[in-house]
Amino acid sequence: VFEERKTKAEAIRSLEFSNYAGLWVLRILGVLLSWAAVFCCMYPIIAAFDIIGDYLGEVPCVGCILKMIADIVETLVRIVVCCMSCSFGCSCAFFVIAVVWVVMRPTVGIILLIIVVVLTVGAVVLMKLVPKKGVQVKDDDQVKDDDGADQS
């Protein structure tokens, strides 16, 4: 098992260190694989923009310009999908980690669950703060769309 002779305490320490390192490698790998799984689920969005770009490239006379614009849009879509999949995948992984910690060590697990809940509530509040397209909020709290029609 070992290349050189070790005492029993040194061997145990060495095995515990390798076990600890392997544990952290698996934890990080699990979070990254969770991110990758969500990215794979959202990849058809990127593929759709790629197909549209390929079709636009076949337009006579202006195809090369349209293809270049489509490539830029596809890159932006890829960045957005990557960021969204990172946030969804990592938050799911951290939620699973927190639930397991609740079973193993309740104090640590509850603290982790509180952090997950705070991050989720923060994301929901941030989503509510972003104004929707075509809807304007006036000072008198009436919601009107771009045509001026009353939405409330």
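For the structure itself, consult the block above.
Right, let's walk through the structure included here. The model shown is predicted, which means the values in this text are computed figures rather than measured ones.

Points about the overall build of the protein
Here is step 1: Tallying secondary structure elements over the protein gives three helices and two strands in all.
Here is step 2: Counting from the amino terminus, helix and strand elements in the protein follow one another as α-α-α-β-β.
Here is step 3: Here the protein holds 152 residues, and 12% of them are scored as buried.
Here is step 4: By sequence separation, contacts in the protein at least 24 residues apart represent 40% of the contacts at least 6 residues apart.
Here is step 5: When the accessible area of the protein is evaluated, it comes to approximately 12000 Å², of which 72% is carbon and sulfur surface.

Overview of the side chain of glutamate 74
Here is step 1: Counting through the fold element by element, glutamate 74 comes out in helix α2 (residues 63–104).
Here is step 2: Residues within four places of glutamate 74 in sequence aside, it is in contact with Ile46 and Asp50.

Observations concerning the state of the cysteines
Here is step 1: In total, this model carries zero disulfides according to the counting rule given.
Here is step 2: No disulfide involves cysteine 64; its sulfur sits 9.4 Å from the nearest other cysteine sulfur, which is in cysteine 61.
Here is step 3: Residue class for cysteine 64 comes out exposed when judged on its relative accessible area of 60%.
Here is step 4: Here cysteine 82 is not disulfide-linked; the sulfur of cysteine 83 is the nearest cysteine sulfur, at 5.8 Å.

Concerning the layout of surface pockets
Here is step 1: Space inside the largest pocket adds up to approximately 760 Å³.
Here is step 2: Ser91, Ala93, Phe94, Val96 and Ile97 are the residues nearest the centre of the largest pocket, which is lined by 25 residues in total.
Here is step 3: Contributions of two or more residues to the lining of the largest pocket are made by α1 (8–56), α2 and α3 (106–129).
Here is step 4: A per-class count over the lining of the largest pocket returns 20 nonpolar, four polar and one charged.

Notes on the pattern of salt bridges
Here is step 1: As enumerated under the stated definition, the model contains three salt bridges in all.
Here is step 2: For aspartate 71, the salt bridge identified is with lysine 67, shortest N-O distance 3.4 Å. Placement of both aspartate 71 and lysine 67 in helix α2 is noted, with a separation of four residues, approximately one turn of the helix.
Here is step 3: Since its relative accessible area comes to 32%, aspartate 71 is described here as partly exposed.
Here is step 4: Put simply, glutamate 74 and arginine 78 hold a salt bridge, and the shortest N to O gap is 3.5 Å. Of this pair, glutamate 74 and arginine 78 both sit in helix α2, four residues apart, which is roughly one turn of the helix.
Here is step 5: For glutamate 74, a relative accessible area of 12% translates into the label buried.
Here is step 6: With a relative accessible area of 34%, arginine 78 lands in the partly exposed category.
Here is step 7: Because the salt bridges share partners, they merge into one network encompassing Asp54, Lys67 and Asp71.

Quick notes on the rules
Residues numbered from 1 in each chain as written. Predicted model: local features only at pLDDT ≥ 70, side-chain atom pairs only at ≥ 80, totals over all residues. Heavy atoms only, no water. Helix = DSSP H or I, 4+ residues; strand = E, 2+ residues; numbered from the N terminus. Buried < 20%, exposed > 50% of the residue type's maximum accessible area, 1.4 Å probe, protein only. Contact = heavy atoms within 4.5 Å. Areas by Shrake-Rupley, 256 points an atom, 1.4 Å probe, with all protein chains shown as cover. Disulfide = S-S within 2.5 Å. 1 Å grid on protein atoms, 1.4 Å probe; cavity = no way out; pocket = protein on both sides within 12 Å on 5 of 7 lines; lining within 4 Å. Points joined across faces, edges and corners; volume = space filled by probe spheres on them. Nonpolar A, V, L, I, M, F, W, Y, C, P; charged D, E, K, R; others polar. Salt bridge = Lys/Arg side-chain N within 4 Å of Asp/Glu carboxyl O.

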